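# Breakdown of the fold
These are the residues of each chain, in order.
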Amino acid sequence: MATTALAHEKLWTEKSTIEAAEKKYYEYLSKINSVPSQCTLASEISKARQHIKNSLERMDGIAALAASPGAELLDRLSSVEKENEKLRSIIDGLNNLVIDLHERVKSLESGGSKPAAATAAAKPAAAPAKPAAAATKDDDEEDDDVDLFDSDEEGEDKAAAELREKRLAEYAAKKSKKPALIAKSNVILDVKPWDDETDMKQMEQEVRKITADGLLLGAAKLVPLAFGIHKLQISCVIEDDKISVDWLQEEIEKISDYVQSADIAAFNKI
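Numbers given to residues run from 1 along each chain, matching the order in which its sequence is written. The model is predicted, so local features are restricted to residues of pLDDT at least 70 and side-chain atom pairs to those at 80 or more, both for listing and for counting; the totals for chains, interfaces and linings are taken over all residues. Processing note: side-chain calculations cover all non-hydrogen atoms of the structure and skip hydrogens and water entirely.

## Some points on the overall build of the chain
Working definition: helices are DSSP H or I runs of at least four residues, strands are E runs of at least two. Numbering for both runs from the N terminus. Across its full length, the chain carries 7 helices and 4 strands. Written out in order from the N terminus, the α and β elements of the chain read α-α-α-α-α-β-α-β-β-α-β. Burial status follows relative accessibility: with a 1.4 Å probe on protein chains alone, a residue under 20% of its type maximum counts as buried, one over 50% as exposed, and anything between as partly exposed. The buried share of the chain, reckoned over its 270 residues, is 11%. Per element, the accessible surface of the chain, about 22800 Å² overall, is 58% carbon and sulfur. All accessible areas in this document rest on Shrake-Rupley with a 1.4 Å probe, and a residue is counted as covered only by the protein chains that are shown.

## Re the confidence of the model for the chain
Confidence of the predictor in every single residue is expressed as pLDDT, which spans 0 to 100. Scored by pLDDT, the chain comes out at a mean of 76, with 70% of its residues at no less than 70. Counting contacts from residues 124-135, a segment whose pLDDT is below 50, to residues more than four positions away or on other chains yields 0 contacts. Throughout, a contact is declared for two residues whenever any of their heavy atoms are within 4.5 Å.

## What to know about the pairing of strand E2 (residues 215-226)
Pairing between two strands is assigned when DSSP locates at least 2 bridges connecting them. Examined bridge by bridge, E2 and strand E3 (residues 229-239) share 9 bridges and lie antiparallel to one another. The residue of E3 that forms the bridge with alanine 220 is isoleucine 234. The antiparallel hairpin formed by E2 and E3 contains 2 residues in its connecting segment, where phenylalanine 227 sits at a positive phi of about 55°.

## A few points about the side chain of glutamine 233
On the secondary structure map, glutamine 233 appears in strand E3. Of note is the side chain of glutamine 233, whose polar atom sits 3.0 Å from the side chain of aspartate 190. Here a polar contact means two N or O atoms within 3.5 Å. Within protein one must be a hydrogen donor candidate and the other an acceptor candidate, and residues neighboring in sequence count only if both atoms are side-chain atoms.

## Some thoughts on helix H7 (residues 245-253)
Of the positions making up H7, those classed as buried are Val245, Leu248, Gln249 and Ile252. All buried residues of H7 project into a common sector of 100° when viewed along the axis, lining one side. Regarding the arc, it is the one traced by the directions from the helix axis to the C-beta atoms.

## Points about empty space enclosed by the protein
Think of a 1 Å grid over the protein atoms and nothing else: a 1.4 Å probe that fits but is trapped marks a cavity, an open set flanked by protein within 12 Å on at least five of seven lines marks a pocket, and residues with an atom within 4 Å of a point count as lining. Grid points are joined across faces, edges and corners, and a volume is the space filled by probe spheres set on the points. On inspection of all chains with the given rule, the structure shows 1 cavity of 30 Å³ or more. Empty space within the largest cavity amounts to approximately 40 Å³. If you go around the largest cavity, the residues you meet are Leu189, Val207, Ile210, Leu217, Ile234, Cys236, Leu248 and Ile252.

## Some details on the sheet that holds E2
Across a sheet, paired strands are connected by hydrogen bonds in the backbone, their directions being either parallel or antiparallel. The strand order across the open sheet formed by 4 strands is E2-E3-E1-E4, and the pairing between neighbours is antiparallel. If you trace the sheet from one side to the other, it starts and ends with E2 and strand E4 (259-269), each paired once. Strand-to-strand twist across the sheet, computed as the mean angle between neighbouring axes with direction ignored, equals 20°. Axis angles are defined between N-to-C directions and span 0 to 180 degrees, where every axis is a line fitted to C-alpha atoms and, for a helix, only to the segment in contact. Across the sheet, H7 lies against strand E1 (184-193), E2, E3 and E4, angled at about 155° from E4, the strand it touches most.

## What about the pairing of E3?
Sheet analysis places E1 next to E3, joined by 8 bridges and oriented antiparallel. When the bridges of E3 are listed, aspartate 190 appears paired with glutamine 233.

## A closer look at a nonpolar patch on the surface
A surface patch of nonpolar side chains, about 570 Å² in accessible area, is lined by Leu87, Ile90, Ile91, Leu94, Leu97 and Leu101. Among the secondary structure elements, leucine 97 is positioned in helix H3 (residues 71-126). Accessibility expressed as a relative area gives 45% for leucine 97, which makes it partly exposed. Each patch is built from salt-bridge-free residues with over 30% relative accessible area, joining like charges within 9 Å and nonpolar side chains (Val, Leu, Ile, Met, Phe, Trp, Tyr) within 5 Å. What counts as a salt bridge is simple: a side-chain nitrogen of Lys or Arg found within 4 Å of a carboxyl oxygen of Asp or Glu.

## Looking at the pattern of salt bridges
A side chain with one charge can pair with a side chain of the opposite charge if their charged atoms come near. What the rule picks out here adds up to 8 salt bridges. Taking the shortest distance from any N to any O, the salt bridge between aspartate 213 and lysine 242 comes out at 3.3 Å. Separated by 29 residues along the polypeptide, aspartate 213 in the loop between helix H6 (200-208) and E2 and lysine 242 in the loop between E3 and H7 bring together distant segments of the chain. With a shortest N-O distance of 2.7 Å, lysine 269 and aspartate 240 are connected by a salt bridge. Taken together, the residues lysine 269 in strand E4 and aspartate 240 in the loop between E3 and H7 connect sequence positions 29 residues apart.

## Quick notes on the side chain of threonine 198
Mapped onto the fold, threonine 198 is located in the loop between E1 and H6. Judged by relative accessible area, which is 14%, threonine 198 ranks as buried. A distance of 3.1 Å separates polar atoms of two side chains, one belonging to threonine 198 and the other to aspartate 195. Excluding its chain neighbours within four sequence positions, the residues that come into contact with threonine 198 are Pro193 and Tyr258.

## What to know about the nonpolar core
Ranked by internal contacts, the top residues of the largest apolar core, which has 19 residues, are Val191, Leu215, Ile238, Leu248 and Ile252. Elements represented by at least two residues in this core include exactly E1, H6, E3, H7 and E4. Ranked by residues supplied to this core, first place goes to E3 with 4 residues. The set of buried Ala, Val, Leu, Ile, Met, Phe, Trp, Tyr and Cys residues whose side-chain atoms join them within 4.5 Å is what this entry labels a nonpolar core.

## Quick word on the environment of glycine 214
Tracing the sequence through the fold places glycine 214 in the loop between H6 and E2. A relative accessible area of 14% places glycine 214 in the buried class. Separated by 30 residues in sequence, glycine 214 and lysine 184 have C-alpha atoms that sit 8.8 Å apart. For glycine 214, the contacting residues outside a window of four places in its chain are Val237, Ile238, Glu239, Lys242 and Ile243.

Below, the structure is given as structure tokens:
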């Protein structure tokens, strides 16, 4: 059985034959491994060449652009030249205008000196006419002294004075009959109680008992303060010459059973 199985196997019994076979095998493997490295190196070299070529082409394009100016630059140069021409024309017009004004000023100065000399020459000629005018004035004064119609001026002056005095007396009497303007003020007072147990109706009645010449008490209302406490806000009209606000406050604060304080809420002249 063993001999039959070994009969089908191919064995190399010689050592030299085995070493030669191994050498061929490793040479084959080295050739296979070296092929990709050679391919990659060639591709890198080709890429480097292409990159150099592209960079050279770009440099040529830049040099061409530097040698020949672009369209935008030409347009800007043309616009600048046009603006320079316009400025030159404006400056020429201003120069001409200045020259014309200078000539006009000269002509006015030369023309103004001549009329001044003519006026100075005319003044002495007009001077001799004054004595004639003075003589005419003296003649008129002499004519006024002569009363041709014998008018009674003194009687007229007396009548005018009496009429004026009469009218002044009538005006004074009429003015005295007019009633004098009375200065009045509208005052609103805040009357504050001691606590929430104070009888506000009774307090209002006590305040209204204050009477005086020139004092007129008006409407009143209760205004809430805080914690259920209300204040009495009452308005009145006073005559400034007869009643003062300080006096009115003191009179209200005298009602000490109900009133804690009386303050001015508003004050307006009528």
